[in-house]
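Examining the three-dimensional arrangement
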Amino acid sequence: MKTDLAHIYRLARLDLALIFRNRSALTNAVLMPLAVAAFLVFTADQGGRDNVEFVLTGQIAGLLMFAPLVNLAGFYTSRREELVLKRLLGGPASATAILGGSAAGATAVYLLQALAVGVATAVMGFGLPGNPLLVLIAALGGAAVFALLSMAISGVSSSGELAQLATVPVMLVCLVLSPVIVPPGAFPERLQQVADYLPLTAVADLVRAGYGAAFDWSSLGLLAAWVAVAALLARRFFRWDPRRG
């Protein structure tokens, strides 16, 4: 266990170093998501203070669509096709450590972004979360779900670019239907029923509960259920051997 944690830490540090040294990766994984969040907050300002608070807290959940999902799916697939994962698997690190290291690196990027949004929320006068532990649970649980989904998507993709494209439907459904940008109840009943069971809905609800909204145990249960489902999908579809050549 200690050995696995040490390998996860080292691989996560390596991934973070590669991201922050590569301008393209830094822009796509770190800066662009924050720019999107800032744009959404700016446009929400036209709808009043309550709308700004809704969008700000929603972005803590919405940022999960970038580093832990889109970018990580591309990383896993590119490294598999280049035989990097196979070479790592032949070394001292276990499969769990190899996959967990990249997931930990992506989660660290997301947590930095979420922290930046949290600071912006406080600076804009909306205060700090009354229950920061609940916000952290939501953030880490959401990161686990989408990191595992990225593994599943990687397994059915033949290149890093295709893997990132394959995440787009997941990203659009979650961002549009979950209460991240659009308030709940804005959709027809059947669509709303779908939205209520999306993983990003559970994350957004828990984040807002951390900021003072009503807490519902069903949101925590839904998030836990999605972690289990995503783990099963990752186990079923992820592959170590290249799909090409």
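Up top is the structure these notes are about.
Here the structure is a predicted model, which is why all the values come from computation and not from measurement.

Cut-offs used in this document
Residues numbered from 1 in each chain as written. Predicted model: local features only at pLDDT ≥ 70, side-chain atom pairs only at ≥ 80, totals over all residues. Heavy atoms only, no water. Helix = DSSP H or I, 4+ residues; strand = E, 2+ residues; numbered from the N terminus. Core = buried A, V, L, I, M, F, W, Y, C linked by side-chain atoms within 4.5 Å. Buried < 20%, exposed > 50% of the residue type's maximum accessible area, 1.4 Å probe, protein only. Contact = heavy atoms within 4.5 Å. 1 Å grid on protein atoms, 1.4 Å probe; cavity = no way out; pocket = protein on both sides within 12 Å on 5 of 7 lines; lining within 4 Å. Points joined across faces, edges and corners; volume = space filled by probe spheres on them. Nonpolar A, V, L, I, M, F, W, Y, C, P; charged D, E, K, R; others polar. Expected span 1.5 Å × (residues − 1). Salt bridge = Lys/Arg side-chain N within 4 Å of Asp/Glu carboxyl O. Polar contact = N/O pair within 3.5 Å; in protein donor to acceptor, adjacent residues only side chain to side chain. Phe/Tyr/Trp six-rings, centres within 6.5 Å; stacked < 30°, edge-to-face > 60°. Lys NZ or Arg CZ within 6 Å of the ring centre and 35° of its normal.

The residue I181 is located in the loop between helix 9 (168-177) and helix 10 (189-196) in this model. Along the sequence, I181 and Q59 sit 122 residues apart, while their C-alpha atoms lie 7.9 Å from each other.

Another point: the nonpolar core. One finds L64, M65, Y110, F146 and L200 to be the most contacted residues of the largest nonpolar core, which totals 65 residues. The dominant element in this core, judged by the number of residues it contributes, is helix 7 (residues 132-155), at 12 residues. Residues in contact with M65, not counting those within four places in the same chain, are V70, F146, M171, C174, L175 and L200.

Here we take up the layout of surface pockets. Computed from the structure, the largest pocket encloses a volume of approximately 320 Å³. S24, N28, V70, N71 and Q164 are, among the 15 residues lining the largest pocket, the residues nearest its centre. Contributing elements (two or more residues each) for the lining of the largest pocket: helix 2 (23-44), helix 4 (66-81) and helix 8 (160-166). A per-class count over the lining of the largest pocket returns six nonpolar, eight polar and one charged.

Glancing now at helix 3 (residues 49-62). Given a rise of 1.5 Å per residue, 14 residues ought to cover 20 Å, and the 19 Å separating the end C-alpha atoms of helix 3 matches this to within 8%. Burial within helix 3 is extensive, with 10 of its 14 residues counted as buried. Looking at the packing, one finds that the buried side of helix 3 touches helix 2, helix 4, helix 6 (95-126), helix 9 and helix 11 (199-210).

Let us now look at unusual backbone geometry. You will see that L83, though not glycine, has its phi angle at about 65°, which is positive. On the secondary structure map, L83 appears in the loop between helix 4 and helix 5 (84-89). Overall, L83 belongs to the partly exposed group, its relative accessible area being 37%.

Turning our eyes to something else, we now look at the pattern of salt bridges. By the definition in use, this model includes three salt bridges. When the shortest N-O distance is used, the salt bridge between R79 and D15 registers 2.9 Å. One end of the pair, R79, is in helix 4; the other, D15, is in helix 1 (residues 2-21), with 64 residues separating them in the sequence. With respect to burial, R79 and D15 carry one shared label: buried. The residue R80 makes a salt bridge to E81 at a minimum N-O spacing of 2.7 Å. The class for R80 is buried, based on a relative accessible area of 0%. Here E81 falls in the buried class, since its relative accessible area comes to 15%.

Going through the model one piece at a time under the given rule, you end up with one cavity of 30 Å³ or more. When its volume is computed, the largest cavity comes out at roughly 50 Å³. Lining the largest cavity, in full, are I19, A29, A67, N71, L72, F75, S102, A106 and V109. Of all elements in the fold, only helix 4 and helix 6 reach the threshold of two or more residues within the lining of the largest cavity.

Here we come to the side chain of T121. Summarising the element assignment, T121 is placed in helix 6. Within the local environment of T121, its side chain forms a polar contact with the backbone oxygen of V117, the two atoms lying 2.8 Å apart. Not counting residues up to four positions away in its chain, the partners in contact with T121 are L56, F126, G127 and Y211.

Locating E81 in the fold gives a position in helix 4. In this structure the C-alpha to C-alpha distance between E81 and S158, which are 77 residues apart in sequence, comes to 7.5 Å.

Another aspect to go through is the packing of aromatic side chains. Evaluation of the coordinates by the stated rule reveals three aromatic pairs. With centroids separated by 5.3 Å and ring planes inclined at 90°, the aromatic side chains of F238 and W240 adopt a geometry described as edge-to-face. Of the two residues examined, F238 and W240, each falls in the buried class. Looking at R79, its charged tip hangs above the ring of F75, at a distance of 5.1 Å from the centre.

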